[in-house]
Amino acid sequence: MSTQGGCLADFARCQRPPCRLPARRRIDYYSDRHTIPVRCSFRPLERSVAPLAMLDLPIVTAPPSEPEPPVRRLPPWLRRNVPSGFGLHATAELISDLNLATVCESAKCPNRSECWSQKTATLMIMGEVCTRPCGFCSVKKGRTEALEADEPARVAEAAARMDLKHVVITSVTRDDLPDGGADHFYHCVLAVRERTGASVEVLTPDFIHCREAVARVVEAVPEVFNHNTETVPRLYREVRGRKSDYRWTLELLRRVKAMNPAIKTKSGLMLGLGETTTEVLDTLADLLEVGCDFLTLGQYLQPTREHLPVVRYLPPEEFDELGERARRMGFRQVASGPFVRSSYHAREMAES
Ligand code: SF4
């Protein structure tokens, strides 16, 4: 429908000269469209009336459209001010200068501004493309790239320039490599230690059923060996993909501890994916049973509409309570809160 002056008639079909109604503002809102000027007596042309034959056309019923998923607003405790400033830009520039990737960006971590403005980041090695289709993770999937031989040196350079005292190194899952990238991890740990003297925490993929790969990373003697459980066994395949195996996750952590008891083992869960409290507590008991030292519990946040939806936002008090229970169960250190991620305040946990 076109408008001219204040008239709302369809000028393509109206035979009258434009009505002289007072000019109105543009029609933008639902209520405006329903305010028709009373003095306009628009009549469509006779020839525009539909011929009777058309009335015999079959009535087609449109298929019911998919209901739109409800727009879930973040609860107030997940809204917060985003820090900015020199530190944030300096970290971003440094990462880009050295052509490195971070899980902070690739996984859309909600703490990025906070961590980067404090000049800390979790470096992600072996490219930005992952070979596993996990339903919770926004890291790119697809064709992987060849490993870069100078990456360990660049990781060490970044750690030195950021003056990190505790360096967290993680990676995409590289099922395409015979050792899952374990040897590359080994060289990164050594390079960082040699260049900076900092303690190193590795956050590794599962190297599924490859004991040699786990042993190769342990050989580098990182101060902390972190491998995330992510969720409870009932949701494992749905959240982590078909290849993942809860029992192997536990076995990996058990092996690390058995190979070198001096290495602290660490694991984490995302909550809000539909798990029950009993299931969480059972999982924590399993982790303790394999000697896990440190635990992180955080709220799962859906990175895009294509990822698994959030089933529940746990209030901070529930995180506090779970954290307290985990401590009483026997974990040496526990970080539990809506914004907690595996590497959030990792140094404090490692040094405790
Ligand atoms: S919590 Fe970890 S992944 Fe998230 S921004 Fe901080 S360092 Fe990066």
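Thresholds, definitions, all that
- Along each chain, numbering runs from 1 in the same order as the chain's sequence is written.
- Per-residue local features are limited, in this predicted model, to residues with pLDDT of at least 70; the limit for side-chain atom pairs, both in listing and counting, is 80 or more; totals at the level of whole chains, interfaces and linings are taken over all residues.
- By definition, a residue lies near a molecule or strand provided its backbone-derived C-beta atom is within 6 Å of it.
- A helix here means a DSSP run of H or I that spans at least four residues, while a strand means a run of E at least two residues long, and both kinds are numbered starting from the N terminus.
- Ten residues, namely Ala, Val, Leu, Ile, Met, Phe, Trp, Tyr, Cys and Pro, are considered nonpolar, four, namely Asp, Glu, Lys and Arg, are considered charged, and the remaining ones, Gly among them, are considered polar.
- Any residue with 12 or fewer other C-beta atoms within 10 Å of its own C-beta is exposed, any with 20 or more is buried, and the rest are partly exposed; the C-beta atoms used are placed from the backbone.
- Two residues form a contact once the distance between their C-beta atoms, set from the backbone, is within 7 Å.
- Convention adopted: a line fitted to C-alpha atoms gives each axis, helices being fitted over their contacting stretch, and angles between N-to-C directions are expressed from 0 to 180 degrees.
- Each helix crossing is assigned a hand: it is left-handed if the near helix lies turned anticlockwise from the far helix by less than a right angle, otherwise right-handed if that turn is clockwise.
- The arc in question is the one traced by the directions running from the helix axis out to the C-beta atoms.
- At least two DSSP bridges between two strands are required for those strands to pair.
- The definition of a right-handed crossover adopted here requires that, viewed with the strands pointing away, the path from the first strand over the helix to the second runs clockwise.
- Residues enter a nonpolar core if they are buried, belong to Ala, Val, Leu, Ile, Met, Phe, Trp, Tyr or Cys, and are joined to the set through C-beta atoms within 7 Å.
- Given a helix with a known number of residues, its expected span is that number minus one, times 1.5 Å.

### Comments concerning the site of the ligand
Here is step 1: Every residue near the ligand is listed here: V103, C104, C109, N111, R112, C115, T120, A121, T122, R341, S343 and Y344.
Here is step 2: Of all the elements in the fold, those that place two or more residues in the shell around the ligand are α3 (103-106) and α4 (112-117).
Here is step 3: When grouped by side-chain class, the residues that make up the shell around the ligand number six nonpolar, four polar and two charged.

### Side note on the environment of G323
Here is step 1: One can find G323 in helix α11 (residues 316-329).
Here is step 2: G323 gets classed as partly exposed once you count the C-beta atoms within 10 Å, which come to 19.
Here is step 3: Separated by 14 residues in the primary sequence, G323 and G337 place their C-alpha atoms 8.2 Å from one another.
Here is step 4: Setting aside residues up to four positions removed in sequence, G323 forms contacts with L297, V334 and S336.

### Quick word on the packing of helix α10 (residues 277-289) against α11
Here is step 1: The contact between α10 and α11 brings their axes to 11 Å, and the two run at 35°. The two elements α10 and α11 cross, and the hand of that crossing is right-handed. Across from V280, L281, L284, A285 and L288 in α10, the residues of α11 making contact are L322, R325, A326 and M329.
Here is step 2: Partitioning the contact of α10 with α11 into residue classes produces eight nonpolar, no polar and one charged.

### Points about helix α7 (residues 211-219)
Here is step 1: Those residues of α7 that fall on the buried side of the exposure criterion are A213, V214, V217 and V218. All buried residues of α7 lie within an arc of 140° about the axis, which places them on one face of the element. Seen from the open side of α7, the exposed residues pointing more than 90 degrees away from its buried face are R211 and E212.
Here is step 2: Among the residues trailing α7, V221 stands out with phi positive, at a value near 50°.

### A short note on the pairing of strand β6 (residues 199-203)
Here is step 1: Within β6, five of the five residues are buried, which leaves the element mostly enclosed by the surrounding structure.
Here is step 2: In β6, alternate side chains face the same way, and those of S199, E201 and L203 on one face and V200 and V202 on the other are all buried.
Here is step 3: Here strand β5 (residues 166-171) runs beside β6; their pairing, made up of five bridges, is parallel. Counterpart to V167 in the pairing with β6 is V200.
Here is step 4: For the crossover from β5 across helix α6 (residues 182-196) to β6, the handedness is right-handed.

### Examining the nonpolar core
Here is step 1: Membership of the largest hydrophobic core comes to 73 residues, with the highest contact counts inside it found for V155, I169, V189, V192 and L295.
Here is step 2: With residues up to four places along the chain from it excluded, the contact list for V155 reads L100, L123, I125, I169, C188, A191 and V192.

### What to know about helix α5 (residues 151-162)
Here is step 1: The terminal C-alpha atoms of α5 lie 16 Å apart, and with twelve residues this matches the ideal 16 Å at 1.5 Å per residue to within 8%.
Here is step 2: Residues E151, P152, V155, A156, A158, A159 and M162 constitute the buried set of α5. Down the axis of α5, the buried set is contained in an arc of 155°. They therefore lie on one face.
Here is step 3: Its buried side turned inward, α5 meets α2 (86-97), β2 (122-125), β5 and α6.
Here is step 4: Looking at the residues trailing α5, positive phi occurs at D163, about 60°.

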